[in-house]
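# Report on the structure
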Amino acid sequence: MDLAVTAHELTKRFDDFVAVNGIDLEIRSGETFALLGPNGAGKTSTMRMVSTVSPPTSGALTILGMDAATHGREIRGRLGVIPQEDQLDADLTVYENLTTYARYFGQSWSEAKQNATELLEFAQLTDRADTRVETMSGGMRRRLTIARALVNTPDLVLLDEPTTGLDPQARQLLWDRLYELKERGVTQLLTTHYMDEAEQLADRLVIMDGGEIVASGTPSSLIAESTTAEVLELRLADDQTLSHDLPFRTEVLRNRVLIYADDGAAALRHIRDLGVEPNSSLIRRSTLEDVFLARTGRQLVD
Amino acid sequence: MITNTFAVRAIVERNIIFFRRDWVILVAGFFEPIFWLIGISAGLSTIIDDIEFGGELVEYTAFVAPGLIAVSAMNGAAFDATFNFYFKLKQLKIFDSIITTPVTITNVVIGEAVWSVLRSTAYATSFLILTVLFGLVASPWAILIIPVSALIGFSISAIGIFATTFVRNWHDFDYFSLALQVLFIGSATFYPITVYPSWVQVVVQFTPLYHGVALCRSLALGTAGLADVGHLLVLVGFTAFFGWRANRRLEKSLLA
Amino acid sequence: MTSVSPRPSSVWHVVEHHAVQTRRTLQTVLLSGFLSPVFTMLALGWGIGSQVDDVSSLGTPDYLHFVGPGVMIGTATLQGGFSSLWQALAALRWEGMYKNVVRSPATFTDAMTGRLVWMGILNALSSVAFLTVLLIAIGWSGFGALLTPFIAGLTAMSAAAGVLAFTSRKESGDGFSVVARLVLTPLFVFSGTFSSIDTLPSAIATVIKFFPTYHGIEVARDLINERAELVPSLLHVAVILAWIAVGWALSFGGFRKALTS
């Protein structure tokens, strides 16, 4: 199988802090692969190593068939990087951001201008071409950042927390653009701490915590392996307690109790039969959030 | 695959695109040394008789003018290598995104330096033409002031970028303004270096602008000699050492 | 209907507010308002002074006596003028400082007046430090010299007021560097700072007499050299005060629009 990225025992250490602790990764060409985990899990450090701007402390890293340690420039020529902070050139216009960036890949001015025009269309920013970036909304900046990353028609696109800080509408618009990229067969590696984003976009993912991979697979296989089909969420009054010998796995969080059962409605009946009437109850399907909780005992987003 | 030359050019182009809109800033920056030339030497030439330089007597204005050409070369480079460099590095963070392309940090440093040197050379050349028109230049060797101003630009740029890698916040640029003023006034621009006590003369040898002033002056007045080779080498040394250090420090911070 | 004439107590609150802020930017004052001009004065005073053949035409005992007051007032012009560019724009448009002022009983005129008074005080204070160095270098020259920080403060206020008339109408910093380089620098250099104004090209000399810096330098130089006469000095000061008044009046509209709409 054609692999876009392989990492073996990849490690990144800053002085005595281990950001990434010997992880293995195999990302296939054409797939969308996510690194899911809370802040500080080592996602961004991994991403920076893959974009060849951060040399690994140890381990092997091959990107698009080339060794990251020796072929950085060649690799970067075929990557599209969407950093967490947009890092756009706020002094320039939207159009100039794209053309100047295209030049960094060695494109002629005519190529650069043609690419810029096409990408403005893709990012739905054509009518903003001459706007100074300074004055644009967060959602538009993100779309421009994505357009910029595509200026060299990359084989691998890296997205670091692509929708952090965006409102729901801007988020959905961005997901649509990324889905379109996927349809075109572009390999995508993204980091996120939103489980819904990973579920929406990723074909496969790894869950990271404390610099290590705690689980990997497709979103549905991870859910199937680590948790039940449904979850019953209860809010109890202060004086209410649940008995400890329920026939379900339970997680007690700060202000609610999660009860893992394949049939949430049946679980709720069971609890009512025990004489507990919760203040509120909600039955939902399991998500990657529950997988993370099951594997680490902690919540993804506090 | 992109070549280093192309990468450097791309960095320079970005600055040209930006300043195309703000060309007024470029033009305004050119006038400052000319004001000083008129303000100081026009008035003082009536009360200062000729100055002795290189064994010859030189009219005061002709003595000051080439020094101010060197100052204009310094001013041309200083702003882009410090304040604007910091703005791109820390505020816009565009270097972080540029290094994810095939362009390297060394390309960025050289490209930014080349841009500031273009500005230096443009200022110094325009100033040189003015001084020729006013009859303040005595020697055809003065044409070499153009490459010398580029070298002044490179050395200031290298030192400026190096110093900027230490900047923590905008307030630190107060020190830069002070340093520029001290270099401007103190580099024997307005009087011969022999005015200083000998220990100050030694200190001045360790500053870049003094050597630029000395070179421009002896080229304009036609007194160039072996000492000027020394001045040249010092400027080359400043450029090489601080350019190297600046590059290393940026690599360490950006490629963490 | 709020009164538009400034109330001393409210103005003083704005001054105090600025004073508290400046404690944080003391470094700027120390470096740009004191060390830089002191270096310039001493280097040029002694360096150029050693080359001057004909001191008598200066009308002062030596060149340091001449250039010292020039640099003092020139610096006050630069500092006052600069303070009304980006700093004033930030205070007026981006930071909440004056917006908070007008939410208190103080009005926009108090904010504006307080700002100018503060610039005067700040520059008078840094000029005291500058004067101390100058007097150490040239020796005690009589009590008149002690009035020069006051002249420096007024000159800084006049430059601040003049530039504020421009800045108060602006919503961005476009053109600020042009004002700095093509207005403030020439004022520093051409106001008879380094040689008698009569030795400059006559066109420059004519224009420069219209601006406050020249008048400030004349008074300060006369005071330092113990040759000040009452009436001419008062006339010079009157020009500076006129600039403050006109700058204040022309800033009025911009401040009102920015702070009360």
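Just so it is clear, the model here is predicted, and its values are computed rather than measured. All residue numbers here refer to positions counted from 1 along the written sequence of the relevant chain. The naming scheme follows written order: chains are lettered A onward, ligands numbered 1 onward. Residues qualify for local features only when their pLDDT is at least 70, as the model is predicted, and side-chain atom pairs are given and counted only at 80 or more; totals for whole chains, interfaces and linings, by contrast, use all residues.

As a further point, take the overall build of chain A. A tally of helices and strands in chain A yields ten helices and 14 strands. Burial status across chain A gives 47% buried among its 302 residues. Placing a C-beta atom from the backbone of each residue, one calls two residues in contact when those atoms lie within 7 Å. Within chain A, counting contacts between residues at least 6 apart in sequence, those at least 24 apart form 69% of the total. Labels follow the DSSP assignment, with helices taken as runs of H or I lasting at least four residues and strands as runs of E lasting at least two, numbered in each case from the N terminus. Exposed residues have 12 or fewer other C-beta atoms within 10 Å of their own C-beta, buried residues have 20 or more, and partly exposed residues fall in between, where C-beta atoms are placed from the backbone.

Right, let's talk about the confidence of the model for chain B for a bit. Scored by pLDDT, chain B has a mean of 94; 100% of the residues are at 70 or more. Prediction confidence for the complex, expressed as pTM and ipTM, is 0.91 and 0.92 respectively. For every residue, the predictor states its confidence as a pLDDT score lying anywhere from 0 to 100.

On to the interface of chain A and chain B. The interface of chain A with chain B comprises 23 residues on the first partner and 21 residues on the second. For the side of chain A that touches chain B, the secondary-structure elements that each account for two or more residues are α2 (72-76), β6 (79-82) and α3 (94-103) of chain A.

So, on to helix α1 (residues 43-50) of chain A. Residues and elements named next belong to chain A. Counting buried residues along α1, seven of its eight residues qualify, which places the element largely inside the surrounding structure. Regarding α1, the residues found buried are K43, S45, T46, M47, R48, M49 and V50. Positive backbone phi, at 60°, marks T52, one or two positions downstream of α1.

Take the interface of chain B and chain C next. Facing 30 residues of chain B, the contacting portion of chain C comprises 34 residues. Going through the elements one at a time, α2 (23-44) and α8 (173-186) of chain B are the ones with two or more residues in the side of chain B that touches chain C. Ranked by residues supplied to the side of chain B that touches chain C, first place goes to α2(B) with 13 residues.

Quick look at the nonpolar core now. Counting 234 residues, the largest nonpolar core has A:L158, B:I69 and B:M74 as the members making the most contacts within it. The element contributing the most residues to this core is helix α3 (residues 63-94) of chain C, with 15 residues. Residues in contact with A:L158, not counting those within four places in the same chain, are A:M47, A:V50, A:S51, A:L79, A:V81, A:I82 and A:L189. One nonpolar core equals one set of buried Ala, Val, Leu, Ile, Met, Phe, Trp, Tyr and Cys residues connected by C-beta atoms within 7 Å. Ranked by size, the runner-up nonpolar core spans nine residues in total, among them A:L234, A:I259, A:A267 and A:I271.

Here the bounds of each domain stem from an automatic or database domain assignment. What the domain assignment reports for chain A is domain 1 (3-221) and domain 2 (228-285). Look at where the C-alpha atoms of domain 1 of chain A and domain 2 of chain A centre, and you get two points 39 Å apart.

Quick look at the environment of C:S191 now. All names here are of chain C. Relative to the helices and strands, S191 resides in the loop between α7 (176-190) and α8 (202-208). Each C-alpha atom of the pair S191 and T109 lies 31 Å from the other, and the pair is 82 residues apart in sequence. Residues within four places of S191 in sequence aside, it is in contact with G74, I208, F211, T213, Y214 and I217.

The subject of this paragraph is the sheet that holds strand β5 (residues 66-67) of chain A. In this description, strands pair whenever DSSP reports at least two bridges between them. Ordered by their spatial adjacency, four strands build an open sheet running β2-β1-β4-β5 (chain A), and the pairing between neighbours is antiparallel. The open sheet is flanked by β2 (17-28) and β5 of chain A, the only strands paired with a single partner.

For the rest of this paragraph, the subject is α8(B). One fewer than the residue count of a helix, multiplied by 1.5 Å, yields its expected span. A rise of 1.5 Å per residue sets the reference length of α8(B), with its 14 residues, at 20 Å; its end C-alpha atoms lie 19 Å apart and thus fit the reference within 8%. All buried positions along α8(B) are accounted for by B:F176, B:L180, B:L183, B:F184, B:I185 and B:G186. Tucked into the core, α8(B) has its buried residues touching α3 (60-81), α7 (145-164), α9 (198-205) and α10 (208-221) of chain B together with α2 (26-47) of chain C. B:A188 lies just past α8(B) and shows a positive phi near 55°.

A word on the pairing of strand β4 (residues 58-63) of chain A. Residue and element names in this part refer to chain A. Sheet topology places strand β1 (residues 3-14) next to β4; five bridges connect them, and they run antiparallel. Paired with H8 across the bridge in β4 is A60. Pairing geometry for β4 and β5, over two bridges, is antiparallel. Residue pairing across strands places T62 opposite D67, the latter belonging to β5. Hairpin connection between β4 and β5: a loop of two residues separates the two successive antiparallel strands, and L64 in this loop has a positive phi of roughly 50°.

The next subject is the sheet that holds β6(A). All names here are of chain A. The strand order across the open sheet built from six strands is β6-β7-β8-β3-β9-β10, with neighbouring strands paired in mixed fashion. Each edge of the sheet is formed by a strand with only one pairing partner; in this case those strands are β6 and β10 (212-217). In this sheet, neighbouring strand axes are inclined to one another by 15° on average, regardless of whether the strands run parallel or antiparallel. One ladder, built from four bridges, connects β6 with strand β7 (residues 156-160); its direction is parallel. Residue V81 lies in a different strand from β7, and its bridge partner there is L158. Each axis is a line fitted through C-alpha atoms, taken for helices only over the stretch in contact, and angles between the N-to-C directions span 0 to 180 degrees. Across the sheet, helix α5 (residues 138-149) lies against β6 and β7, angled at about 165° from β6, the strand it touches most. Taken strand by strand, helix α8 (residues 219-226) contacts β9 (204-209) and β10, and its axis lies near 105° from that of β10.

Let us now look at the arrangement of the chains. Inter-chain contacts occur across two pairs of chains; the most extensive set of contacts lies between chains B and C. Taking C-alpha atoms as the reference, chain A and chain C come no closer than 13 Å and do not contact one another.

So, about the packing of helix α5 (residues 108-138) of chain C against helix α10 (residues 230-260) of chain C. All names here are of chain C. Relative to each other, α5 and α10 sit at 130°, their axes nearing to 9 Å. One finds that α5 runs oblique with respect to α10. Read as a crossing pair, α5 and α10 show a hand that is right-handed. On α10, the residues touching F108, A111, M112 and L116 of α5 are W248, S251, F255, R256, L259 and T260. Think of it as three bins: nonpolar holds Ala, Val, Leu, Ile, Met, Phe, Trp, Tyr, Cys and Pro, charged holds Asp, Glu, Lys and Arg, and polar takes everything else, Gly as well. For the contact of α5 with α10, the per-class residue count stands at seven nonpolar, two polar and one charged. Each angle gets one of four labels, with under 35 degrees taken as roughly parallel, over 145 as roughly antiparallel, 65 to 115 as roughly perpendicular, and the rest as oblique. Helix crossings get a hand from a simple test, with the near helix turned counterclockwise from the far one by less than a right angle marking a left-handed crossing and a clockwise turn marking a right-handed one.

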